[in-house]
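Coordinate inspection notes
Chain by chain, the residues run as shown.
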Amino acid sequence: MGSLEWTKLNPIEIFGVITGIIYVFLEIRQNIWLWPVGIATSAVYVYVFFISKFYADMSLQVYYLLVSCAGWYWWVRGTGQKTPGSGRGGEDAIVEGNGRLRVTRLKLRTGLFLSAVFVALYLLVWLVLSRLTDSPVPEWDSLITSLSVIATWMLARKIFEHWYLWVVVNLISVIIFSTRELYPTVILYLVYLTMSFAGLRSWRKSLSG
């Protein structure tokens, strides 16, 4: 099958690739429009991952939809916490003069809590996928899902270290999706991987500022 013919047969996945790239670009720039774009991308990939039998990733996209709504609100209105160290989970929920969140570092208490959530979530997802579904790679699918859940929540709270998690997720995703011949998605995650490093550099400047 030629590339042109493949493109005609997979317009939904192509659309998801385009909106996904736009999403990360907006994330790097801390642009509030990343959230509605993310909602559109997640809706597309609910379908893509379902037909590809990546059930954990499909469920993850539903989670993205919900967190995108919360993140949209937090980025615009703040978290309701006006002083450092008063955010839920112990992170600094610092807001700017206009009430919007600004980038902060991950606090030890929050990191320990998120680590515990990650381990519990990974084990739960792995058990479900390995015993109740025909997922071809339950271990890796569970790892991608669990890390992405944590990273997305950290993004919604504008915690700088979420970019490190995306580097790991995107690298693993490139390898796994290649084995399933989801080539446009592989390209998307290669772009994600490159942009993750750009995000680290850009958000670090916000910290120093």
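What you are looking at is a predicted structure, and each value in this text was computed from that prediction instead of being measured.

Conventions and cut-offs
- Residues numbered from 1 in each chain as written.
- Predicted model: local features only at pLDDT ≥ 70, side-chain atom pairs only at ≥ 80, totals over all residues.
- Heavy atoms only, no water.
- Axes fitted to C-alpha atoms, helices over the stretch in contact; angles between N-to-C directions.
- Helix = DSSP H or I, 4+ residues; strand = E, 2+ residues; numbered from the N terminus.
- Left-handed = near helix turned anticlockwise from the far one by under 90°.
- Contact = heavy atoms within 4.5 Å.
- Core = buried A, V, L, I, M, F, W, Y, C linked by side-chain atoms within 4.5 Å.
- Buried < 20%, exposed > 50% of the residue type's maximum accessible area, 1.4 Å probe, protein only.
- Salt bridge = Lys/Arg side-chain N within 4 Å of Asp/Glu carboxyl O.
- Expected span 1.5 Å × (residues − 1).
- pLDDT = per-residue confidence, 0-100.

For any two helices packed against each other, one specifies the inter-axial angle together with the distance between the axes. Between helix α5 (residues 108–132) and helix α6 (residues 138–156), whose axes approach to 8 Å, the crossing angle comes to 145°. Here α5 and α6 pass one another in a crossing that is right-handed. Listed contacts from α6 to T110, L114, V117, F118, L121, Y122, V125, W126, L129 and S130 of α5 are P138, E139, D141, S142, L143, S146, L147, V149, I150, W153 and M154.

Looking now at the nonpolar core. Within soluble globular proteins, side chains that are nonpolar tend to cluster in buried spots. In this structure, W35 and W75 are the most contacted members of the largest nonpolar core, which totals 47 residues. Those elements giving two or more residues to this core turn out to be α2 (11–28), α3 (34–51), α4 (55–77), α6, α7 (162–179) and α8 (183–208).

Bringing the pattern of salt bridges into the picture now. Following the criterion strictly, the structure yields one salt bridge and no others. Here R105 and E161 are joined by a salt bridge, their closest N and O atoms 2.6 Å apart. Of this pair, R105 sits in the loop between α4 and α5 while E161 sits in the loop between α6 and α7; the two residues are 56 residues apart in sequence, bridging distant segments of the chain. Since its relative accessible area comes to 14%, E161 is described here as buried.

Now for α6. Along an α-helix, residues three or four positions apart point the same way, because every turn accommodates 3.6 residues. If you check α6, its first and last C-alpha atoms are 27 Å apart, about what 19 residues at 1.5 Å a residue would give, namely 27 Å. Summarising burial for α6: 16 of the 19 residues are buried, a large majority. Looking at the residues trailing α6, positive phi occurs at K158, about 60°.

Per-residue pLDDT for the chain averages 81, and the proportion of residues at 70 or more is 83%. The spread of mean pLDDT over the elements of the chain runs between helix α1 (residues 3–9), the lowest at 46, and α5, the highest at 94. Residue range residues 1–9 is modelled with pLDDT below 50. Its contacts to residues more than four positions away, or to other chains, number six contacts.

Turning our attention to the side chain of S173. Counting through the fold element by element, S173 comes out in helix α7. Each residue touching S173, except ones within four places of it in the same chain, is listed here: I144, S178 and Y189.

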